[in-house]
Amino acid sequence: MESAKQQRSMHLAVFAQGLGGAHSVWKSPRTAPERVHTLAHWAEVARTAEEGRLDAVFIADALVLADSIGSDASERPDPVSVLSALSAVTSRIGLIGTSSTTYNDPFTVARQFATLDHLSAGRAGWNIVTTAIAGASGNYGSAQLPEHEARYERGEEFVEVVLKLWDSWEPGALVADRASGVYADRDRIHEIGHQGRHFQVRGPLTIPRPPQGRPLLAQAGSSPTGLNLAARFADMVFTTQYELGASQALTRTVRELAATKGRSPFDVKVLPGLTPIIGRTEARARDLAHELGSLISPEATLSFMRQAFGGIDLSGYDLDGPFPDLREQLPAHAGISRPALLIGTAVEEKLTIRQMIQRVGLSVGHRCVVGTPDQVADDMALWFETHGADGFNLIPADLPGGLRDFVEEVVPRLQDRGLFRREYQGRTLREHLSD
């Protein structure tokens, strides 16, 4: 364990959500809403992350327009399209995008991420989700969202098919020999002939084997079913964690599960979400957190929570009353780990609904650290060095300014402590995650 610890290096991705993670942050002068759907905006975010030598830009997704769109910038572009554009304006940073196994087809996903891996010379990653937002079903011709276990059963077979499709072209199958006239070696291109419960896929893929062999796989969530999928397939787990002890326990669980699947315990990196709000002094950091928090619309955050809780609506409750314990009321189609954590935290800390709205609204429900660059670096170092995390998926409250603050102020402090790279050692995303 000690030798593995000494070889570890912190891994950092930026969760790039439009204008930032904080709800209603579009009203802040630190953001430029008119640029959010331009390549210039996304390129600035990605290049800033690359300047900081971060492992990856991570773009999540939602397959339904949030009810809060009237007061919050809650629209979501297609991640694969954005990342494909970013592959042309960056050269080293990884490009991870979310794609649902519930409302997609394995052949489509395999082809999209293989193409992205070729365009980016080996920097693509797929964030595997099973979609826990009930409203998405209406956009894909379904009466209702499948239950949690059913989604993961389909999801596991979905990943199996994608991996087979990526392997359907052997290394060296593309020959392109002008003298012989042989473009591809047909003996190295294979149908996969998959016949399963959910999918029947012939193959092969229409594009050669990705440069990484297999684009990096990420998994979001901490339910037992989700962690089993992660232990079998994933290279990275994106999770919501508030307490160091709980995150240490989760990290141990992931490593133990990976070992049961015949993998090294350190093959799967655990990256909790983290929103750093940084000021040159502690008072300035608190002022910035208060400024951004004052913009939060209760209606927008309640809408976000309604989606997270599988449709349970808190708008009729007294906002200054205690947060109700809704854990037994969560519907079968809802997510498990994150809603239970949010509700449990509110109940255990005796928060009012309004207080929970502030907490969730500032960081999309993830942990928030408000302080000086040294204080933020101290916190991250503690979690990393005590195996509470292998790194963090950073969720700046505002973009691109919050990311710029982190890259300019916190990254050098992590580098000075020997916790984070000064330069990229490899060129592919898989190499970044293994250094």
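Residues numbered from 1 in each chain as written. Predicted model: local features only at pLDDT ≥ 70, side-chain atom pairs only at ≥ 80, totals over all residues. Heavy atoms only, no water.

Peer 1: For this particular structure, what's the right way to read helix 12 (residues 373-385)?
Peer 2: Along an α-helix, a turn takes 3.6 residues, which lines up residues three or four apart on a common side. For helix 12, with 13 residues, the first-to-last C-alpha span of 18 Å sits near the 18 Å given by 1.5 Å per residue. Buried residues belonging to helix 12 abut strand 1 (11-15), helix 7 (244-260), strand 11 (269-278), strand 12 (367-371), strand 13 (391-394) and helix 13 (401-416). Two residues or fewer after helix 12 comes His387, characterised by a positive phi angle close to 60°. (Helix = DSSP H or I, 4+ residues; strand = E, 2+ residues; numbered from the N terminus. Expected span 1.5 Å × (residues − 1). Contact = heavy atoms within 4.5 Å.)

Peer 1: Any chance you could explain the environment of Gly226 here in plain terms?
Peer 2: If you trace the backbone, Gly226 turns up in helix 6 (residues 224-233). Here Gly226 falls in the buried class, since its relative accessible area comes to 0%. Separated by 45 residues in the primary sequence, Gly226 and Gly181 place their C-alpha atoms 48 Å from one another. If sequence neighbours within four positions are ignored, Gly226 has contacts with Tyr152 and Gln219. (Buried < 20%, exposed > 50% of the residue type's maximum accessible area, 1.4 Å probe, protein only.)

Peer 1: Explanation requested: the confidence of the model for the chain in the structure shown.
Peer 2: Close inspection of predicted coordinates is inappropriate for parts of the model with low pLDDT. With 97% of its residues at a pLDDT of at least 70, the chain reaches an overall mean of 92. In the model, residues 1-6 has pLDDT below 50 throughout and makes 5 contacts with residues more than four positions away in sequence or in other chains. (pLDDT = per-residue confidence, 0-100.)

Peer 1: Please clarify how the pattern of salt bridges should be interpreted in this entry.
Peer 2: A pair can form between side chains of opposite charge whenever their charged atoms are brought close. Following the criterion strictly, the structure yields 31 salt bridges and no others. The partner of Arg35 in a salt bridge is Glu44, and the shortest N-O contact between them spans 3.3 Å. Of the residues examined, Glu44 reaches a relative accessible area of 32% and is grouped as partly exposed. Note that Arg417 is salt-bridged to Asp378, the shortest N-O span being 2.6 Å. Taken together, the residues Arg417 in the loop between helix 13 and helix 14 (429-434) and Asp378 in helix 12 connect sequence positions 39 residues apart. For Arg417, a relative accessible area of 37% gives the class partly exposed. Judged by its relative accessible area of 40%, Asp378 falls in the partly exposed class. (Salt bridge = Lys/Arg side-chain N within 4 Å of Asp/Glu carboxyl O.)

Peer 1: I'm lost on empty space enclosed by the protein in this one. Help?
Peer 2: To locate leftover empty space, one rolls a probe as large as a water molecule over the atoms. Summed over all chains, the structure comprises 1 cavity of 30 Å³ or more. Estimated volume of the largest cavity: approximately 40 Å³. In terms of lining residues, the largest cavity is bounded by Arg30, Pro276, Ile277, Ile278, Leu288, Leu292, Ala397, Asp398, Gly402 and Asp405. Counting only elements with at least two residues in the lining of the largest cavity, the list comes to strand 11, helix 8 (282-293) and helix 13. Of all the elements, strand 11 adds the most residues to the lining of the largest cavity, at 3 residues. Grouping the constituent residues of the lining of the largest cavity by class yields 6 nonpolar, 1 polar and 3 charged. (1 Å grid on protein atoms, 1.4 Å probe; cavity = no way out; pocket = protein on both sides within 12 Å on 5 of 7 lines; lining within 4 Å. Points joined across faces, edges and corners; volume = space filled by probe spheres on them. Nonpolar A, V, L, I, M, F, W, Y, C, P; charged D, E, K, R; others polar.)

Peer 1: Is there a simple way to explain helix 5 (residues 148-166) in this structure?
Peer 2: If you check helix 5, its first and last C-alpha atoms are 27 Å apart, about what 19 residues at 1.5 Å a residue would give, namely 27 Å. Looking only at helix 5, the buried set comprises His148, Arg151, Tyr152, Gly155, Glu157, Phe158, Val159, Val161, Val162, Leu163, Leu165 and Trp166.

Peer 1: I tried to follow the pairing of strand 4 (residues 124-129) on my own but got confused; where do I start?
Peer 2: Successive residues of a regular strand alternate their side chains across the two faces of the sheet. With 6 of 6 residues buried, strand 4 is to be regarded as a mostly interior element. Across 6 bridges, strand 3 (residues 94-100) lies against strand 4 in parallel orientation. Across the sheet, Ile96 pairs through a bridge with Gly125, a residue of strand 4. Following the chain from strand 3 across helix 4 (residues 106-119) to the adjacent parallel strand 4, one finds a crossover that is right-handed. Of the strand pairs in this sheet, strand 4 and strand 9 (residues 216-220) are connected by 4 bridges, and their pairing is parallel. If you follow Trp126 over to strand 9, its bridge partner there is Leu217. (Pairing = 2+ DSSP bridges. Right-handed = clockwise from strand over helix to strand, strands pointing away.)

Peer 1: What is the right way to read the environment of Ile353 from this model?
Peer 2: Structurally, Ile353 is set in helix 11 (residues 353-363). Take Ile353: its relative accessible area is 0%, and that puts it in the buried class. Taking the C-alpha atoms as reference points, Ile353 and Asp320, separated by 33 residues in sequence, lie 6.1 Å from one another. Ignoring any residue separated from it by four or fewer positions in sequence, one finds Ile353 in contact with Leu302, Tyr317, Asp318, Leu319, Gly321, Pro322, Phe323 and Pro324.

Peer 1: Please explain the packing of aromatic side chains as it appears in this structure.
Peer 2: The geometry of an aromatic ring pair is captured by the separation of the ring centres together with the interplanar angle, meaning the angle of the planes. According to the stated counting rule, one finds 9 aromatic pairs in the structure shown. Arranged with centres 6.5 Å apart and planes meeting at 55°, the rings of Trp383 and Phe392 form a pair that is tilted. Exposure remark for Trp383: the relative accessible area of 4% places this residue in the buried category. With relative accessibility at 0%, the residue Phe392 sits in the buried group. One aromatic cluster in this structure is built from Phe113, Trp126, Phe158 and Phe199. Its end group placed over the ring of Phe384, Arg8 keeps NZ or CZ at 4.0 Å from the ring centre. In this structure, Arg367 packs its charged tip against the face of Trp383, placed 3.9 Å from the ring centre. (Phe/Tyr/Trp six-rings, centres within 6.5 Å; stacked < 30°, edge-to-face > 60°. Lys NZ or Arg CZ within 6 Å of the ring centre and 35° of its normal.)

Peer 1: How do you make sense of the side chain of Ser168 when you look at a structure like this?
Peer 2: By the secondary structure assignment, Ser168 is in the loop between helix 5 and strand 5 (174-177). With relative accessibility at 2%, the residue Ser168 sits in the buried group. A distance of 3.1 Å separates a polar atom in the side chain of Ser168 from the backbone nitrogen of Leu205. Setting aside its immediate chain neighbours within four residues, Ser168 contacts Arg188, Ile189, His190, Ile192, Pro204 and Leu205. (Polar contact = N/O pair within 3.5 Å; in protein donor to acceptor, adjacent residues only side chain to side chain.)

Peer 1: Explain the nonpolar core to me, please; I cannot follow it from the model alone.
Peer 2: The tendency in soluble globular proteins is for nonpolar side chains to be buried as a group. In terms of nonpolar packing, the biggest core is built from 68 residues, with Trp126, Trp166, Met380 and Leu414 touching the most fellow members. The leading source of residues in this core is helix 5, at 8 residues. (Core = buried A, V, L, I, M, F, W, Y, C linked by side-chain atoms within 4.5 Å.)

Peer 1: Just checking my understanding: could you explain the side chain of Thr102 for this structure?
Peer 2: Tracing the chain through its elements places Thr102 in the loop between strand 3 and helix 4. Within the structure, Thr102 has its side chain in polar contact with the backbone oxygen of Thr130 (distance 2.3 Å). Here Thr102 is in contact with Thr130, Thr131, Pro146, Arg151 and Arg154, once residues within four sequence places are set aside.

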